[in-house]
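Residue strings, one per chain:
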Amino acid sequence: KAGVTQTPRYLIKTRGQQVTLSCSPISGHRSVSWYQQTPGQGLQFLFEYFSETQRNKGNFPGRFSGRQFSNSRSEMNVSTLELGDSALYLCASSLEVAAPAQYFGPGTRLLVL
Amino acid sequence: AQSVTQPDIHITVSEGASLELRCNYSYGATPYLFWYVQSPGQGLQLLLKYFSGDTLVQGIKGFEAEFKRSQSSFNLRKPSVHWSDAAEYFCAGATSGTYKYIFGTGTRLKVLA
């Protein structure tokens with residue numbers, strides 16, 4: 001079974017631009033979560049989607065948004081990019097069972113200049 | 001507030017030596033607990049998970065972890081470390097019904113030949 005895939009793997013943007021990252025979960029997984037990883041802040045939860053609905057949201061500004069499609073694929077969008085948004089963005093998918101275990105993709109490395 | 005703490009930022013061991021990475025959690029109730037490993041430039045790979053029951057959990061790559069409620073700990077162990085184990089290790093916690101993981105700050109493992 002294929003793992004979680006994320007596209008693109010690398011991205012360079014300039015301040016003020018916006019960016020969209022994509023995540024395809026493991027087949028059969030309906031929950032998708034997003035995390036931001038930076039050297040200073042570590043791994044921080046952005047949001048979680050299940051059946052096209054956002055179930056949880058972390059403490060990030062409104063510039064960070066996401067959505068999930070009917071096939072469980074998810075996108076996250078960051079508008080008005082800031083230098084501090086440079087990070088590795090990780091997507092994780094889970095099978096909706098009582099005991100959650102998330103499986104992570106390789107991440108998208110975003111550099112904001 | 002809920003938290004996961006990894007007290008050791010860096011650990012260096014010799015190849016063949018035993019390993020123990022520490023993880024402490026602070027949750028109102030016993031959380032689900034996980035250990036992940038991340039190689040440079042990669043996503044996170046699930047090593048093992050604890051939900052309930054047997055407090056000694058076996059994982060992949062020869063790793064195991066022991067849940068100790070009295071110490072609020074979930075330490076990762078390996079009896080004999082291989083050079084390929086050099087990576088960063090993350091402990092994470094989650095409460096029932098959510099995929100909002102809280103990660104520790106990670107422990108970077110260096111293995112000496």
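Residues numbered from 1 in each chain as written. Chains lettered and ligands numbered in written order. Predicted model: local features only at pLDDT ≥ 70, side-chain atom pairs only at ≥ 80, totals over all residues. Heavy atoms only, no water.

A. Structural detail: the interface of chain A and chain B. Listed per partner, the contact involves 26 residues of chain A and 17 residues of chain B. Carbon and sulfur atoms make up 57% of the surface buried where chain A meets chain B, a total of about 1,700 Å² over both sides. For chain A, the biggest contributors to the area lost against chain B are L43, P100 and F104 of chain A; these three give 32% of the whole. At the junction of chain A and chain B, the tally comes to 0 salt bridges. Counting across the interface, chain A meets chain B through 4 residue pairs in polar contact (both at pLDDT 80 or more). Looking at the side of chain A that touches chain B, the elements with two or more residues in it are β4 (31–38), β5 (42–50), β6 (53–57), β9 (87–94) and β10 (103–104) of chain A. It is β4 of chain A that provides the largest number of residues to the side of chain A that touches chain B, a total of 4 residues. In the side of chain A that touches chain B, the residues fall into 14 nonpolar, 7 polar and 5 charged. (Contact = heavy atoms within 4.5 Å. Buried area = accessible area lost by both parts, 1.4 Å probe. Salt bridge = Lys/Arg side-chain N within 4 Å of Asp/Glu carboxyl O. Polar contact = N/O pair within 3.5 Å; in protein donor to acceptor, adjacent residues only side chain to side chain. Helix = DSSP H or I, 4+ residues; strand = E, 2+ residues; numbered from the N terminus. Nonpolar A, V, L, I, M, F, W, Y, C, P; charged D, E, K, R; others polar.)

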